[in-house]
Amino acid sequence: MSERTPEHRYTAELAGRIERRWQDRWERDDTFASANPAGPWAAPEDPRLADGREHRVVMDMFPYPSGAGMHVGHPLGYVATDVHARFLRTTGANVLYAMGFDAFGLPAEHYAVQTGQHPRVTTEEAMSTYRRQMRMIGLSHEPRRTFATIDPDYVRWTQWIFQQIHDAWYDPQADPRPGSGQSAPGRARPISELVEEFADGSREVPGGRPWGELSRAEQARVLDGYRLAYVSAAPVNWCPGLGTVLANEEVTADGRSERGDLPVFKRNLSQWMMRITSYADRLTDDLDRLDWPERVRLMQRHWIGRSTGAQVAFPVPTTTGGEASLEVFTTRPDTLFGATFMVVAPEHPLVGRIVPDAWPAATKDAWTGGAPTPREAVTAYQRQAAAKSDVERQTEGKAKSGVFSGAWATNPVTGAPVPVFVADYVLMGYGTGAIMAVPGQDERDWDFALAYDLPVVRTVQPTPDHPEDQAFTGEGPAINSANDEVSLDGLGVEDAKERIIAWLEQTGRGRATVTYRLRDWLFSRQRYWGEPFPVVWDEDGVAHAVPDDQLPVTLPDVPDYAPRTFEADDADSEPEAPLARATDWVHTTMDLGDGRGPVPVRRETNTMPNWAGSCWYYLRYLDPENAAAPVDPAVEGYWIGPREETVPEAPEGAVDPGGVDLYVGGVEHAVLHLLYARFWHKVLFDLGHVSSEEPFRRLINQGMIEAYVYRDARGFPVPAAEVEEHTSSDGGPSTFTWQGQPVTQEYGKMGKSLKNVVTPDEMVEQFGADTFRVYEMSMGPLEQYRPWETRAVVGSQRFLQRLWRNVVDEDTGEVTVTDETPSPDLAKALHRTIDAVGSDYAALRTNTAIARMIELNNLLTKRDTVPRAAVEPLVQMVAPVAPHLAAELWERLGHDDLTYAPFPQADPALLVEDSVTAVVQVKGKVRDRIDVAADISAADLEALALGSEKVQRFLDGAPVRKVVVRAPSLVNIVV
RNA sequence: GCCCCCGUAGCCCAAUCGGCAGAGGCAGCCCACUUAAAAUGGGUUCAGUGCGGGUUCGAGUCCCGCCGGGGGCACCA
């Protein structure tokens, strides 16, 4: 700083002093504490809980604290929610704004392995960096509501919720809970109610034997078929390079791990699953009742992938002389007459029972794969398919391979024999794992029919211009679709579907059905740094919940917490849980409360995925110190219970699902965290623990702040901060150099390896936190991606400096405002600004709010004196974005804390104009402007416009055909 | 291949219902202050809205077709 800088100029240095002072004061005074109506913090006398006062829960997706700390992109959403929370406090609402940490997970474990420290130590360090940075930029989180997912008290309730889910089953016939907005039956119920129904015979036990005759282990196995959290040996995604199994949502389309980009293999492993598929309908339907970005709702709908169609039975003889029923799922039952062959997945369980000893007479050479018998052909094909990784299947593209099973099924509508093929383009995990192939109307089936010389029957009339050599997947009248009992000929696709389903149901050959792309959620991981399952196994191999008084089950210390990883493509490796190494911890005795007394047990050694902690943290913010429940029901109902009014675009008559009022976070969680959390929340709703049906009522995806990357001639990134720009004189594009060498510019993410990271710490140091906040908020709409440009930050600093100077003399530090009454023009400008800024804040249009405030501030700057009555409301308006500066000015202006000072009210009388400038157009082009009274009548305005000299000149005597008048602003004359 | 989002000054962005293309910021240029520079203050230049059609009295905004950028899904029967 030069000695010539005025002593009281709003510099980064002064800003820093002001900011630290107010941060200390807010902390000391507990300024941002919100009021709870019940639970351990009940404060019913708090005025904010009075009738008619609003309440709002505002939150961000909590961070996963990495050792590197935040760069300027991370706090974008945090600043936006902070601005909104601060604004809402000035409207009198009880505002809950809190932040915690998502602290379990693989990166923390990796980082810990690298640094040789326990993950808890490195995680705590990272969290304290984040806390420092969040305090530094003035986020108004409520300190007493913070926690981390690794806190034992939090883990205790995560484990408790797991047990609730484990001890529940989904009854598709059960009535929804009262108050629910569900349109169809279905609800989770306690598993004890299922046991009662089995025991008293009101529900048949699968397998047919009476419940009492089943052994403990047999009963457990039956219940596993119902529990919402269960152990299954189904094929799962095994990632040897990470040493853990992964959920479908964590595997990319090309069969690699989302984290680390390593190969993933399908393996049959015994793992914990969550029965999220039971909620598929509600998870799809209830999206309509949420105020979420359309693309996120679309992504969830696609992920759940509900499709309606029919299940149809094709009879097929078995090798033992009997008859089996090969069930297929189709979305096009109207094309059943064109089903000329069938395809089953290589893993289909029926394959073993239908493959004959010898090739039947009609077998074509191309069908056998060169094998002497069907059994050999099928076995060879199965082996070949199993050895293929998903990556290989991908690279093979759409070329169809397969082999004839030797079996002929019967098309139930035509009675014709159809050959059954085994091919890997049919997936065991979708539908029934078997399809009826209709080459005439399906491209994949067409390709297969072509490759294996199979007949094609068109059952939908193609359009005249449709090529002969392609499947026709469009709409058209049915053809070739009749038997003695039913005819679809001439019907459109929808009508044909309806008629054939009716016939199938009448004759017992099939039924309408719904199928989903969504699979159950694989919930166990082979890693150390996660929540231990609150589960032990007894000597019968039965899983038991750890009794409630022994929660939380805490992580044991192990000699080596690193996951056991393997060569990335070692598909045959076996997962190995790090907790299994803590043998003293694993083998213990426990009284399971079933009358047996203490028995030897083995602890579950898998841990939960890190999604577990983020599935319910928003609930814990509401009541973080409750020792009796995850959240007091009265507290939950107050904060996030259903509202009277629905979200803006909810369907007519919908019931509001409740949930957090504003949730801001990245779109990368569209089908992971956001789907999982919705699922848990619905289970908790069904079991009566919460009154809301959804966790997040309104969601906004904040955009990402990106940055330019500069590369030298070798393509290596150079430090972006040291690059010099050279503008060209002829208006062409700029060139860039680093240390005299030419470098290229590209646009991308901010990252350490790209040498373009800018940290909030640097920005606060150079400009102050308020300037940093104003800059981030003025860059554009919250949802937008935008490039960071450090040299542009000075614009925000100038704004705050000018505001400061409008109140405080830079040389003396004296407050200079006057008590004069603002001129009518200034008063109008002020009230228009108040009106616009208020609605902009409410709608989270902070960028335009800031532009309005700059405009008003520039107006004040031009004046010789600044009236107190004009600048005080401006200080209040600026407070959400620049809270420290505003608090300081507010105090210097002679007031107390402004956190809860009511937002300025616009005087409606000052919003209306006495006169306006009306535009007169001739044929849509502006030809004149005239000042008219704001309440001028259409007829008067038209007369004025037609009388305009300029207009007459442009009309040039041409007859007027039509005059469009939009009083008082516009007239358009058409000739 | 299918689906979704976005293209407005050199750059970031405004423009409630279809009604004057410009609120705000950066950069550039000019001026003041300064021995000078920085900082600060004042002023100012700059686009007809990616391209081509259409609807309309009137289109950045609505419709159709392209082009470019970003994202999601991808043998899902």
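The coordinates are above.
Residues numbered from 1 in each chain as written. Chains lettered and ligands numbered in written order. Predicted model: local features only at pLDDT ≥ 70, side-chain atom pairs only at ≥ 80, totals over all residues. Heavy atoms only, no water.

Caption draft 1: Spatial organisation of the overall build of chain A. When you go through chain A residue by residue, the secondary structure sums to 29 helices and 33 strands. Taken over the C-alpha atoms alone, chain A extends approximately 105 × 90 × 65 Å along its principal axes. The buried share among the 975 residues of chain A stands at 54%. Pairs at least 24 apart in sequence give 69% of the contacts found in chain A among residues at least 6 apart. Surface exposure of chain A reaches about 42,600 Å², of which carbon and sulfur atoms provide 49%. Taken together, the 96 basic and 143 acidic charged side chains of chain A have centroids lying 3 Å from each other. (Helix = DSSP H or I, 4+ residues; strand = E, 2+ residues; numbered from the N terminus. Buried < 20%, exposed > 50% of the residue type's maximum accessible area, 1.4 Å probe, protein only. Contact = heavy atoms within 4.5 Å. Areas by Shrake-Rupley, 256 points an atom, 1.4 Å probe, with all protein chains shown as cover. Lys, Arg positive; Asp, Glu negative; His and termini not counted. Charge placed at Lys NZ, Arg CZ, Asp CG, Glu CD.)

Caption draft 2: Expanded view of helix α5 (residues 152-166). In this model, α5 (15 residues) spans 21 Å end to end at C-alpha, consistent with the 21 Å of a helix rising 1.5 Å per residue. Among the 15 residues in α5, twelve count as buried, and that is most of the element. Of all the residues in α5, the buried ones are Y154, V155, R156, W157, T158, Q159, W160, I161, F162, Q163, I165 and H166. (Expected span 1.5 Å × (residues − 1).)

Caption draft 3: Region of the structure containing the packing of helix α20 (residues 760-767) against helix α22 (residues 793-807). Contact geometry for α20 and α22: axes closest at 11 Å, N-to-C directions at 45°. Judged by the inter-axis angle, α20 sits oblique to α22. In this structure, α20 crosses over α22, and the sense of that crossing is right-handed. Along its contact with α20, which presents M763, Q766 and F767, the element α22 presents V793, V794 and Q797. Taken together, the residues of the contact of α20 with α22 break down into four nonpolar, two polar and no charged. (Axes fitted to C-alpha atoms, helices over the stretch in contact; angles between N-to-C directions. Parallel < 35°, antiparallel > 145°, perpendicular 65-115°, else oblique. Left-handed = near helix turned anticlockwise from the far one by under 90°. Nonpolar A, V, L, I, M, F, W, Y, C, P; charged D, E, K, R; others polar.)

Caption draft 4: Geometry of the nonpolar core. Ranked by internal contacts, the top residues of the largest apolar core, which has 185 residues, are W521, F523, Y617, W680, W788 and M853. Counting residues per element, this core draws most heavily on helix α19 (residues 673-686), at nine residues. Domain assignment of the residues forming this core places at least three in each of domain 1 (1-57 + 760-912) and domain 2 (98-167 + 227-305 + 517-636 + 665-688). Counting 55 residues, the second-largest nonpolar core is a separate cluster that includes A324, A345, V403 and L504. (Core = buried A, V, L, I, M, F, W, Y, C linked by side-chain atoms within 4.5 Å. Domains from an automatic or database assignment.)

Caption draft 5: Seen up close, unusual backbone geometry. A cis amide bond links L551 to the next residue, P552, at an omega of 0°. Structurally, the position occupied by P552 is in the loop between β19 (543-545) and α15 (583-586). At D453, a residue that is not glycine, the phi angle is positive and equals roughly 55°. With respect to the helices and strands, D453 occurs in the loop between α13 (443-451) and α14 (493-506). Non-glycine residue Q739 carries a positive phi angle of around 50°.

Caption draft 6: Main features of the sheet that holds strand β16 (residues 510-515). Across the sheet, three strands lie side by side as β11-β10-β16; this open sheet has antiparallel pairing. The sheet terminates laterally at β11 (323-330) and β16, the two strands that pair on one side only. The mean inter-strand angle of the sheet, taken between neighbouring strand axes irrespective of direction, is 35°. As paired strands, strand β10 (residues 307-317) and β16 are joined by six bridges and run antiparallel to one another. Note on β16: the bridge partner recorded for A310 is A512. Relative to β16, α14 is tilted by about 120°, and along the sheet it contacts β10 and β16. (Pairing = 2+ DSSP bridges.)

Caption draft 7: Expanded view of the sheet that holds strand β22 (residues 662-665). Read across the sheet, four strands follow the order β2-β1-β22-β23 without closing on themselves; strand pairing throughout is parallel. The open sheet has two free edges, formed respectively by β2 (94-97) and β23 (699-701), since each of these has just one partner strand. Neighbour-to-neighbour, the strand axes of the sheet open up by a mean angle of 15°, direction not taken into account. Where helix α18 (residues 633-640) meets the sheet, its contacts fall on β1 (55-60) and β2, and the angle it forms with β1 comes to roughly 90°.

Caption draft 8: Representation of the packing of α22 against helix α26 (residues 883-892). Across the interface, α22 lies against α26 with an axial gap of 11 Å and an inter-helix angle of 5°. Of the possible angle classes, the one that applies to α22 and α26 is roughly parallel. Facing α22, whose interface residues are L800, L803, W804 and V807, α26 presents L885, E888, L889 and R892. By residue class, the composition of the contact of α22 with α26 is six nonpolar, no polar and two charged.

Caption draft 9: Expanded view of the pairing of strand β6 (residues 235-239). In terms of burial, β6 is a largely internal element, four of the five residues being buried. As defined by bridge partners, β6 adjoins strand β7 (residues 244-246) across three bridges and the pair is classed as antiparallel. Bridge assignment links W238 to a residue of β7, and that residue is V245. Connecting β6 to the antiparallel partner β7 that follows it, the hairpin turn spans four residues, and G243 within it adopts a positive phi of roughly 75°.

Caption draft 10: A look at the protein's contact with RNA strand B. Within the structure, RNA strand B sits among 54 residues, and T331, R444, P781, R798 and R929 are positioned closest to it. Within 4 Å of the protein, the contacting atoms of RNA strand B are drawn from sugar and phosphate to the extent of 65%. Here E855 contributes a side-chain N or O atom positioned 2.7 Å from a sugar or linking oxygen of RNA strand B. Between a phosphate oxygen of RNA strand B and a side-chain N or O atom of N858, the distance comes to 3.3 Å. Here the surface near RNA strand B gets seven residues from one element, more than from any other, and that element is helix α24 (residues 846-861). Per-class residue counts for the surface near RNA strand B are 21 nonpolar, 15 polar and 18 charged. (Near = heavy atom within 4 Å. Polar contact = N/O pair within 3.5 Å; in protein donor to acceptor, adjacent residues only side chain to side chain.)

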